[in-house]
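Analysis of the macromolecular model
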Amino acid sequence: MPSAFIRAVVTAACLVASPLFAEAKTYSIPDPNPVAVITLPDGWESSEIDKGVQSTSEDETVYVSVEVTELKDAAQAIADAVKWLKSKDVVIDQASQEQKPFSINGLEGVQVKWNGKDEDGPTHVSLTLLQVTDTKGLVLTYWASPEGETENLKDLSSIINSLKGLK
């Protein structure tokens, strides 16, 4: 008898808690003709933008965006992302620049990372270009305080691992 009671309590608890586990939304990039999908946590403030999606962590210490670009226009897309960061008063330390190949879920590309600062203090910044098809790519923009990066590491890992190209 006690085991049946315990199973009933556990089942009821799971049913009550199940909405708590469905804490993510998948976005098509771009919508309506997607070349990729990404899943962002519900607790983050996310919105669709012209060519993709952007999201800010609940504690407002991390910003990520993913936008589609024509590969022939990739240099301009990167320049636009840098210009946008400057408009948000993000100052990049050029001497800290690191560039390396980047691969996620079969998408290949290059990531450029910098240390920098914004109005709140030190920050980490990266721009990543990934090839999805022969003509389409994705630009990932990332900006976070070092503390925010650490505090949101689980969500950040989940976000990047959810990014998938639709070839």
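See the structure printed just above.
These lines cover the structure that appears in this document, whether it is placed above or below. (Residues numbered from 1 in each chain as written. Predicted model: local features only at pLDDT ≥ 70, side-chain atom pairs only at ≥ 80, totals over all residues. Heavy atoms only, no water.)

1. Details of the overall build of the protein chain
Applied cut-off: Starting at the N terminus, helices and strands are each numbered in turn, a helix being any DSSP run of H or I of at least four residues and a strand any DSSP run of E of at least two. Burial classes: relative accessible area under 20% of the type maximum marks a residue as buried, over 50% as exposed, and values in between as partly exposed (1.4 Å probe, protein chains only). Should any heavy atoms of two residues lie within 4.5 Å, those residues are counted as being in contact. The accessible surface values rely on the Shrake-Rupley method and a 1.4 Å probe; as for residues, cover is taken only from the protein chains in view.
Assigned secondary structure in the protein chain consists of four helices and eleven strands. Looking at the protein chain residue by residue over its 167 residues, the buried ones come to 36%. A sequence separation of at least 24 residues applies to 47% of the contacts in the protein chain between residues at least 6 apart. Split by element, the accessible area of the protein chain, about 10100 Å² in all, is 55% carbon and sulfur.

2. Examining the packing of aromatic side chains
Put simply, the rule reads: Note on ring pairs: Phe, Tyr and Trp rings are taken, using the six-membered ring of Trp, and paired if centres are within 6.5 Å. Classes follow the plane angle, with under 30 degrees stacked, over 60 edge-to-face and the rest tilted.
Applying the stated rule across the entire model yields three aromatic pairs. Put simply, the rings of Tyr63, Trp84 and Trp143 touch in pairs and so form one group of aromatic residues.

3. As for the sheet that holds strand β1 (residues 24–29)
Quick note on the threshold: Here, any two strands with at least 2 DSSP bridges between them count as paired. Lines are fitted to the C-alpha atoms to define the axes, a helix being fitted only along its stretch in contact, and any angle between axes, read from their N-to-C directions, falls within 0 to 180 degrees.
The strand order across the open sheet built from three strands is β1-β2-β11, with neighbouring strands paired in antiparallel fashion. Because the sheet does not close on itself, it has two edges, and the strands there are β1 and β11 (164–165). The strands touched by helix α4 (residues 153–162) within the sheet are β2 (36–41) and β11, with β2 carrying the most contacts at an inclination of about 165°.

4. Notes on α4
Stated formally: The arc refers to the directions leading from the helix axis to the C-beta atoms.
Where α4 is concerned, the buried positions are Leu156, Ile159 and Ser162. All buried residues of α4 lie within an arc of 135° about the axis, which places them on one face of the element. Across from the buried face of α4, at angles greater than 90 degrees, the exposed residues are Leu153 and Lys154. Considering only its buried residues, α4 is in contact with β2, β5 (62–70), β10 (136–144), α3 (146–151) and β11.

5. Some thoughts on the pattern of salt bridges
Keep this limit in mind: Should a side-chain nitrogen of Lys or Arg be within 4 Å of a carboxyl oxygen of Asp or Glu, the pair is scored as a salt bridge.
In the structure shown here, the tally under the stated rule is two salt bridges. In this structure, Lys136 and Glu70 form a salt bridge, with 2.4 Å as the shortest nitrogen-oxygen distance. Residue Lys136 is found in strand β10, and its partner Glu70 is found in strand β5; the two are separated by 66 residues along the sequence. For Lys136, a relative accessible area of 26% puts it in the partly exposed group.

6. Considering the nonpolar core
Threshold: In this text, buried Ala, Val, Leu, Ile, Met, Phe, Trp, Tyr and Cys residues form a nonpolar core when linked through side-chain atoms within 4.5 Å.
Of all hydrophobic cores here, the largest spans 24 residues; its most connected members are Ile29, Ile38, Val62, Val66, Leu130, Leu138 and Leu163. Breaking this core down by element, the ones donating at least two residues are β1, β2, β5, β7 (98–104), β10 and α4. If sequence neighbours within four positions are ignored, Ile29 has contacts with Pro34, Val35, Ala36, Ile38, Lys51, Gly52, Val53, Val66, Glu67, Val68, Leu138 and Leu163. Core analysis: the next-biggest nonpolar cluster, separate from the first, contains ten residues, Leu85, Val112, Val125 and Trp143 among them.

Distances and angles like these do not, on their own, reveal function.
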